[in-house]
Amino acid sequence: MTFHKTLLVGLLLLPKFIFAQTESQKLALKKMIETEKAFAQTSLDKGTKNAFLEFLVKDAIVFDKGSAVNGLEYWQKLDFKNLLTWQPTFAEIAVSEELGYTLGFSQVHNLTAQGKSAADKPLSHGSFFTLWKKQTDGNWKVALDFGVNHPEISAVIPSIRESYATFKPYELKNTSVLAERMVFMNDFFYWKNAKTSFNPFEPHLSQDIKLYRNNLLPIMGREAAKNYLKKTYDKAIVYTGLKAIPSQAGDLVCVYGVISGKGKTGEYVRLWKQESKDIWKIVVEMVNVN
């Protein structure tokens with residue numbers, strides 16, 4: 001009797017903070033994934049430069065030599081003679097259904113007058129992170145795009161794994177603004193405290209974090225990510241956050257910034273997710289140090 005009563009109370013309390021994905025959220029994620037695939041197909045059909053010019057939002061962010069720059073301006077000026085192809089493998093969307101991201105593998109191919117042949121060996125391999133924002137007309141556009149190069153992954157590329165943010169603190173007002181401020185502060189102290197804290201990484205990493213570095217195959221899962229960070233953390237490197245992009249629900253926030261110190265430059269992106277009330281975890285971290 002006591003067990004059932006306790007279980008009932010727990011179930012009554014759950015809906016205030018935890019929600020299963022709705023049919024609307026599923027449809028929104030499906031459309032976002034379809035847009036990602038159309039983006040990749042456009043690169044094949046019309047060329048990579050034309051694809052980016054078509055799918056980037058006006059104030060989209062990309063990265064160039066240690067700087068965050070306007071994506072449309074960057075691609076308009078870029079003389080890109082190769083072909084970029086990619087395959088998404090993971091996608092997640094916010095409760096508010098207007099912000100999401102995709103992850104996957106990419107390849108750069110040599111482009112000839114006849115186009116890329118099936119026998120063409122890629123010039124390089126890598127992984128990408130794309131942040132998507134739904135526009136007022138209901139279509140999805142790229143708000144931020146980032147990638148790193150690494151050795152070829154020999155395993156078969158899996159089908160897209162879908163994920164849904166399900167936490168939303170309904171009792172708070174201005175959730176987007178509060179989330180933006182809180183995560184930007186968390187992001188700053190995350191690396192600042194790593195210089196002195198005994199266990200700086202594990203408390204901030206999601207159980208299924210995905211870690212990306214140049215010239216290194218993706219690192220999946222908290223234990224592997226924690227061990228890697230403990231061994232490679234460089235106290236001379238400074239991470240300067242430039243902006244946080246929150247979902248309207250305040251459940252997903254993307255922070256991007258630049259890296260400096262020790263004669264090095266670079267860029268980084270971290271995707272923070274509110275997994276329970278006021279508990280933020282890093283679910284994606286992509287870093288490129290030159």
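Residues numbered from 1 in each chain as written. Predicted model: local features only at pLDDT ≥ 70, side-chain atom pairs only at ≥ 80, totals over all residues. Heavy atoms only, no water.

Peer 1: Please clarify how the overall build of the chain should be interpreted in this entry.
Peer 2: The helix and strand tally for the chain stands at six helices and 13 strands. Here the chain holds 290 residues, and 45% of them are scored as buried. The contacts of the chain with a sequence gap of at least 6 include a subset with a gap of at least 24, amounting to 62%. When the accessible surface of the chain is split by element, carbon and sulfur atoms take 56% of a total near 15100 Å². (Helix = DSSP H or I, 4+ residues; strand = E, 2+ residues; numbered from the N terminus. Buried < 20%, exposed > 50% of the residue type's maximum accessible area, 1.4 Å probe, protein only. Contact = heavy atoms within 4.5 Å. Areas by Shrake-Rupley, 256 points an atom, 1.4 Å probe, with all protein chains shown as cover.)

Peer 1: Which parts of the structure should I look at to understand the pattern of salt bridges?
Peer 2: Proximity of charged atoms lets side chains of opposite charge pair with each other. For the structure on display, the rule yields 11 salt bridges. A salt bridge links Asp208 to Arg161; the shortest N-O distance between them is 3.5 Å. Placement of Asp208 in strand 8 (residues 205–213) and of Arg161 in strand 7 (residues 161–164) is noted, with a sequence separation of 47 residues between them. Owing to a relative accessible area of 44%, Arg161 belongs among the partly exposed residues under this scheme. Notably, a salt bridge pairs Glu285 with Arg270, separated by 2.6 Å at the nearest N-O pair. Taken together, the residues span a long stretch of sequence, with Glu285 in strand 13 (residues 279–289) and Arg270 in strand 12 (residues 264–276) at a distance of 15 residues. Take Arg270: its relative accessible area is 0%, and that puts it in the buried class. One salt-bridge network, in which partners are shared between bridges, spans Asp187, Arg213, Arg270 and Glu285. (Salt bridge = Lys/Arg side-chain N within 4 Å of Asp/Glu carboxyl O.)

Peer 1: Help me understand the sheet that holds strand 11 (residues 252–261) in this model?
Peer 2: Backbone-to-backbone hydrogen bonds pair the strands of a sheet. The strands run either parallel or antiparallel. If you trace the six strands from one edge of the open sheet to the other, you get 9-8-13-12-11-10, paired in mixed fashion. The outermost strands of the open sheet, each flanked by one partner alone, are strand 9 (216–220) and strand 10 (238–246). Here the strands of the sheet are splayed against their neighbours by 15 degrees on average, with no regard to which way each runs. Pairing of strand 10 with strand 11 involves eight bridges; the strand directions are antiparallel. Residue pairing for strand 11: Lys243 is matched across the bridge by Tyr256. (Pairing = 2+ DSSP bridges. Axes fitted to C-alpha atoms, helices over the stretch in contact; angles between N-to-C directions.)

Peer 1: I tried to follow the side chain of Asp187 on my own but got confused; where do I start?
Peer 2: Within the element layout of this structure, Asp187 appears in helix 5 (residues 175–193). Of the polar contacts made by the side chain of Asp187, one reaches the side chain of Tyr268; its length is 2.8 Å. Once residues lying within four places of it in the same chain are set aside, the contact partners of Asp187 are Val255, Tyr268, Arg270 and Trp272. (Polar contact = N/O pair within 3.5 Å; in protein donor to acceptor, adjacent residues only side chain to side chain.)

Peer 1: Please clarify how the sheet that holds strand 4 (residues 99–109) should be interpreted in this entry.
Peer 2: Across the sheet, seven strands lie side by side as 2-1-6-5-4-3-7; this open sheet has mixed pairing. Sheet topology places strand 2 (67–70) and strand 7 at the edges, where each strand pairs with a single neighbour. Taken pair by pair, the neighbouring strands of this sheet meet at an average axis angle of 25 degrees, ignoring direction. In this structure, strand 1 (residues 56–64) lies alongside strand 2, joined through four bridges in antiparallel fashion. Among the inter-strand pairings, Asp64 is bridged to a residue of strand 2, identified as Ser67. Along the sheet face, helix 2 (residues 23–46) touches strand 1, strand 3 (83–93), strand 4, strand 5 (124–134), strand 6 (140–149) and strand 7 and points at about 175 degrees away from the line of strand 3.

Peer 1: Explanation requested: unusual backbone geometry in the structure shown.
Peer 2: For residues besides glycine, phi is generally negative; the peptide bonds are generally trans as well. In the Ramachandran plot, Lys65 falls in the positive-phi region, its phi being about 55 degrees despite a non-glycine side chain. Along the polypeptide, Lys65 turns up in the loop between strand 1 and strand 2. What makes Lys65 exposed here is its relative accessible area of 74%. A positive phi angle is found at Glu97, which is not glycine, with a value near 70 degrees.

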